[in-house]
Amino acid sequence: EKMRKLNHVRALWELILEQQPIIDVFKDTPIEKGKYDIDHFIPWSFVMNDELWNLMPMDPDLNSAKNNRLPKWDVFFTRFAKNQYIMYKLVHTKEGIRKLYVDCYRDNLHSIWANQELYRKGNSEIEFVGILEKNMRPVYDSARRQGYDIWNKGDVE
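Keep in mind that this is a model prediction, so the values were computed, not measured.

Caption draft 1: Region of interest: the nonpolar core. With 51 residues, the main nonpolar core has Leu12, Phe41, Leu118, Tyr119, Leu132 and Met136 as its most contacted residues. Sorting the residues of this core by element identifies helix 1 (7–19), strand 2 (55–58), helix 4 (73–91), helix 5 (95–103), helix 7 (112–118) and helix 8 (125–145) as the ones contributing at least two each. Among the elements that make up this core, the one with the highest residue count is helix 4 (eleven residues). Beyond its immediate sequence surroundings of up to four residues, Leu132 is in contact with Trp53, Phe77, Phe80, Ala81, Gln84, Trp113 and Leu118.

Have a look at this one:
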């Protein structure tokens, strides 16, 4: 995580986990503080960045199993977006979380669309998820066209 500059993102999610439960996108169980990896929804090997809008806490074993594959969009995007919205809400309502979010600027907040649209104050959940989907889905689809496989190990049983 240090190599990929995820320290500030981890600190942000740690404080979020103190405030509110976050459900693992793939296991549908609460994430335990300190017992998770920070992973990319769309693989790092495709996006080549550590943007906050593509990062999530997840089970370390499943992270290893997922590797460089894409999660099934229709199964997992909604859960991912819900966790992102929880972060967004807390960034705009809790000063300590806001400070950790600001700490992410140098390494994890470079996308103009994310700064101007996604993370602007006042988005409803529907607006937030819509902005996230509008910007992530084309990247996801491009990764599929480039030959990235779909990860089946995380299917909900």
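Caption draft 2: Here's a closer look at helix 1. Compared with an ideal rise of 1.5 Å per residue, which puts 13 residues at 18 Å, helix 1 spans 19 Å between its outermost C-alpha atoms and is within 8% of the ideal. When helix 1 is considered as a whole, its buried residues turn out to be Val9, Arg10, Leu12, Trp13, Glu14, Leu15, Ile16 and Leu17. Structurally, helix 1 contributes buried residues whose contacts are with strand 1 (37–40), strand 2, helix 4, helix 5 and helix 6 (105–108).

Caption draft 3: Spatial organisation of the environment of Cys104. With respect to the helices, strands and loops of the structure, Cys104 is situated in the loop between helix 5 and helix 6. The class for Cys104 is buried, based on a relative accessible area of 0%. Placed 82 residues apart in sequence, Cys104 and Ile22 show a C-alpha to C-alpha distance of 20 Å.

Caption draft 4: Representation of the packing of helix 1 against helix 5 within the structure. With their axes 8 Å apart at the nearest point, helix 1 and helix 5 run at an angle of 165° to one another. It follows that helix 1 is roughly antiparallel to helix 5 by the angle criterion. The two elements helix 1 and helix 5 meet at a crossing, and its hand is left-handed. Facing His8, Ala11, Leu12, Leu15, Ile16 and Gln19 of helix 1, the residues of helix 5 in contact are Gly96, Ile97, Leu100, Tyr101 and Asp103. By residue class, the composition of the contact of helix 1 with helix 5 is seven nonpolar, three polar and one charged.

Caption draft 5: Broad picture of helix 8. In this model helix 8 runs 29 Å from its N-terminal to its C-terminal C-alpha over 21 residues, within 8% of the 30 Å that 1.5 Å per residue would give. Among all positions in helix 8, only Phe128, Ile131, Leu132, Asn135, Met136, Tyr140 and Ala143 are buried. Contact partners of the buried residues in helix 8: helix 2 (44–47), strand 3 (70–71), helix 4, helix 7 and strand 4 (150–151). Of the residues trailing helix 8, Gly147 is marked for its positive phi of about 100°.

Basis of the calculations
Residues numbered from 1 in each chain as written. Predicted model: local features only at pLDDT ≥ 70, side-chain atom pairs only at ≥ 80, totals over all residues. Heavy atoms only, no water. Core = buried A, V, L, I, M, F, W, Y, C linked by side-chain atoms within 4.5 Å. Buried < 20%, exposed > 50% of the residue type's maximum accessible area, 1.4 Å probe, protein only. Helix = DSSP H or I, 4+ residues; strand = E, 2+ residues; numbered from the N terminus. Contact = heavy atoms within 4.5 Å. Expected span 1.5 Å × (residues − 1). Axes fitted to C-alpha atoms, helices over the stretch in contact; angles between N-to-C directions. Parallel < 35°, antiparallel > 145°, perpendicular 65-115°, else oblique. Left-handed = near helix turned anticlockwise from the far one by under 90°. Nonpolar A, V, L, I, M, F, W, Y, C, P; charged D, E, K, R; others polar.

Purely spatial values, then, with no claim about function.
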